[in-house]
Amino acid sequence: MKKEYSYGALLYFRYEWVQYFIMVWAIRKEWIIEYGFPKGHPEASDTCIKDTVIREIEEETGISQDKLLVDNFDDKKIAFSLQYEIQKKWETILKTSTYYAIEMKEIHHQTVLPVPADFVHEIHDIRIIEWDKVYTSLTHKDEKILFKEWLMWANKL
C-alpha cells in the first residue's frame, strides 16, 4: 500500500480573551467544498516539517511567517495526527495528516483574510472562527475528532 503524508496547522490567536481559529474552505474534486485547516504535502524545497507547515499556511491563507509564533516549533512536540485510506483509481493510499498547534500574533477577529491569488483554484474562502464554532464548521469527522483532542489537551495546560 502506498503511503502519503501531509502537514498542517491548527492556526489560532487570542483576541480579548477569546480564542479564534483560521479555517479554509477548500474546493476539492467535483467542486465539493470542504471546511478545514490549512495543510499540504512536503515539496522538494522543504528541508523539514516546519518548512512545510509554514509554506502551507502562507500558500493557503496568505499569513506570513512573521505573523506566526514559531520560534520554538518542534516537530517532536505535541502534534495531532489522523490516518485514513484513499482509493485512487487502482490503488489504495494510506494517508497520514499531522497538524501542529501554531499560535499567531494577535490580529483583530474581524480581519478579512483574502484568498491568495495563486490559490483561488483551490481555496474558496478563509474564515476566522471562534473556538466554540470550529467543531460544527469542520466537514470531516476525523478532523472533528482531532479538534476535540486538541481542546482536551489545551484545557489541561
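Model, not experiment: these values are computed from the prediction.

1. Side note on unusual backbone geometry
Within the chain, Glu16 stands out as a residue other than glycine whose phi angle is a positive 45°. Here Glu16 falls in the exposed class, since its relative accessible area comes to 58%. One non-glycine residue, Lys89, lies in positive phi territory at about 45°. Accessibility expressed as a relative area gives 72% for Lys89, which makes it exposed.

2. Considering helix 1 (residues 49-61)
With 13 residues, helix 1 should cover 18 Å at 1.5 Å per step; its first-to-last C-alpha distance of 18 Å lies within 8% of that length. Helix 1 sits mainly inside the fold: ten of its 13 residues count as buried. Turning to helix 1, its buried residues number three or more, namely Ile49, Thr52, Val53, Ile54, Arg55, Glu56, Ile57, Glu59, Glu60 and Thr61. At the C-terminal side of helix 1, Gly62 shows a positive phi close to 80°.

3. Concerning the confidence of the model for the protein chain
With 96% of its residues at a pLDDT of at least 70, the protein chain reaches an overall mean of 87. When the elements of the protein chain are averaged for pLDDT, strand 3 (residues 32-36) gives the smallest value, 83, and helix 1 the largest, 94.

4. Notes on the packing of aromatic side chains
Going through the model one piece at a time under the given rule, you end up with twelve aromatic pairs. With a centroid separation of 5.3 Å and 90° between ring planes, the pair formed by Phe21 and Trp150 is classed as edge-to-face. Remark: Trp150 occurs in helix 3 (residues 141-155) and Phe21 occurs in strand 2 (residues 18-28); sequence separation between them is 129 residues. When the ring of Trp25 is compared with that of Tyr35, the centres are 5.3 Å apart and the planes differ by 75°; the resulting orientation is edge-to-face. Residue Trp25 is found in strand 2, and its partner Tyr35 is found in strand 3; the two are separated by ten residues along the sequence. Classification of Trp25 by relative accessible area gives partly exposed; the value is 25%. Through successive ring pairs, a cluster of aromatic residues spans Tyr12, Phe21, Phe37, Tyr99, Phe147 and Trp150. Here the basic side chain of Arg127 rests over the ring of Trp25, its NZ or CZ set 4.6 Å away from the ring centre. For the cation-ring pair, Lys144 lies above Tyr135, with the distance from its terminal atom to the ring centre recorded as 4.8 Å.

Rules used throughout
Residues numbered from 1 in each chain as written. Predicted model: local features only at pLDDT ≥ 70, side-chain atom pairs only at ≥ 80, totals over all residues. Heavy atoms only, no water. Buried < 20%, exposed > 50% of the residue type's maximum accessible area, 1.4 Å probe, protein only. Helix = DSSP H or I, 4+ residues; strand = E, 2+ residues; numbered from the N terminus. Expected span 1.5 Å × (residues − 1). pLDDT = per-residue confidence, 0-100. Phe/Tyr/Trp six-rings, centres within 6.5 Å; stacked < 30°, edge-to-face > 60°. Lys NZ or Arg CZ within 6 Å of the ring centre and 35° of its normal.

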